[in-house]
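Letter by letter, the chains look like this.
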Amino acid sequence: HLLANMNLSRQQQQQQRVPMRSVTEYIKSPHQQAAAKIEGSTQTKEQLAAKNHFRKSEAQGIAEGFKFRLERVLREEFEEWTVTLYKGDLIRKALLKVRVNEEEYVHL
């Protein structure tokens, strides 16, 4: 009985050491690309709005990380710091257009 409990405990420890796998999607063939596009277009307006809201918030957060450094290098404080346009996956690459006042923008 004690030996069975020890083996069970080892199994539980090994299961805890295994990293959790995340769901990923690799699209290679044109058929897979078309299927993914169709699946993406079936989202409701609410789902798309929520997705866009969170992506814009994520882009704003990335831009905030650059604000202090840019102000220090340019020796000026920006009146505004709002992301108006963003592209990329926002993890490996991002292109951000940040409004710094009524007439000027910074591209990051």
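Refer to the structure above for everything that follows.
So, a few notes on the structure that sits alongside this text. Computed from a prediction, not measured in an experiment: that's the story for all the values here.

**Side note on the overall build of the protein**
Then, number 1: When you go through the protein residue by residue, the secondary structure sums to 3 helices and 3 strands.
Then, number 2: Going residue by residue from the N terminus, the α and β elements of the protein occur as α-α-α-β-β-β.
Then, number 3: For the protein, the residues scored as buried account for 11% of the 108 residues in total.
Then, number 4: In the protein, the proportion of contacts linking residues at least 24 apart, taken out of those at least 6 apart, comes to 28%.
Then, number 5: When the accessible surface of the protein is split by element, carbon and sulfur atoms take 54% of a total near 9800 Å².

**Examining the sheet that holds strand β3 (residues 105–107)**
Strand pairing in a sheet takes place through backbone hydrogen bonds and is either antiparallel or parallel in direction.
Then, number 1: An order of β1-β2-β3 is seen for the 3 strands of this open sheet, with the pairing classed as antiparallel. Both outer strands of the open sheet, β1 (82–87) and β3, are each paired with one neighbouring strand and no more. This sheet shows a mean twist of 20° between the axes of neighbouring strands, independent of strand direction.
Then, number 2: Inspection of the sheet shows β1 paired to strand β2 (residues 95–99) by 5 bridges, in the antiparallel sense. Residue Lys 87 lies in a different strand from β2, and its bridge partner there is Leu 95.
Then, number 3: Sitting on the sheet, helix α3 (residues 45–74) is in contact with β1, β2 and β3, with an inclination near 115° to β1.

**Regarding the nonpolar core**
In a soluble, globular protein the nonpolar side chains are often hidden away together inside.
Then, number 1: Grouped together as the largest cluster of nonpolar side chains are 10 residues: Ala 59, Ala 63, Phe 78, Trp 81, Val 83, Leu 90, Leu 96, Val 98, Val 100 and Val 106.
Then, number 2: Of all the secondary structure elements, the ones that give two or more residues to this core are α3 and β2.
Then, number 3: With residues up to four places along the chain from it excluded, the contact list for Ala 59 reads Val 83, Tyr 86, Leu 90 and Leu 96.

**A short note on the packing of aromatic side chains**
Then, number 1: As enumerated under the stated definition, the model contains 1 aromatic pair in all.
Then, number 2: Taken together, a centroid distance of 5.3 Å and an interplanar angle of 25° make the contact between Phe 78 and Trp 81 stacked.
Then, number 3: For Phe 78, a relative accessible area of 10% translates into the label buried.
Then, number 4: Over the ring of Tyr 105 we find Lys 97, and its NZ or CZ is 4.5 Å from the ring centre.

**Some thoughts on unusual backbone geometry**
Then, number 1: The backbone of Arg 75 shows a phi angle near 55°, a positive value even though the residue is not glycine.
Then, number 2: Within the secondary structure, Arg 75 sits in the loop between α3 and β1.
Then, number 3: Although it is not a glycine, Leu 90 adopts a positive phi angle of roughly 65°.
Then, number 4: Inspection of the secondary structure puts Leu 90 in the loop between β1 and β2.

Rules and cut-offs
- Within any chain, residue numbers begin from 1 and follow the written order of that chain's sequence.
- Two thresholds apply to this predicted model, a pLDDT of at least 70 for residue-level local features and 80 or more for giving and counting side-chain atom pairs, whereas whole-chain, interface and lining totals are computed over all residues.
- No hydrogens and no water enter the side-chain calculation; it runs on all heavy atoms of the structure.
- Going along the chain from the N terminus, every DSSP run of H or I of four or more residues is numbered as a helix, and every run of E of two or more is numbered as a strand.
- Buried, partly exposed and exposed residues are distinguished by accessible area as a fraction of the type maximum, computed with a 1.4 Å probe on protein chains only: under 20%, between the cut-offs, and over 50%, respectively.
- Pairs of residues are marked as contacts when any of their non-hydrogen atoms sit within 4.5 Å.
- Surface accessibility in these figures is a Shrake-Rupley result with a 1.4 Å probe; residues are shielded only by whichever protein chains are displayed.
- A pair of strands is treated as paired once DSSP finds two or more bridges between them.
- A fitted line through C-alpha atoms serves as each axis, taken over the contacting stretch for helices, and the angle formed by two N-to-C directions is quoted from 0 to 180°.
- Note on terminology: a nonpolar core comprises buried Ala, Val, Leu, Ile, Met, Phe, Trp, Tyr and Cys residues joined through side-chain atoms within 4.5 Å.
- Note on aromatic contacts: the rings of Phe and Tyr and the six-membered ring of Trp form a pair at centre separations within 6.5 Å, being stacked when their planes are under 30 degrees apart, edge-to-face when over 60 apart, and tilted otherwise.
- Lysine NZ or arginine CZ positioned within 6 Å of the ring centre and within 35 degrees of the ring normal marks a charge as sitting over the ring.

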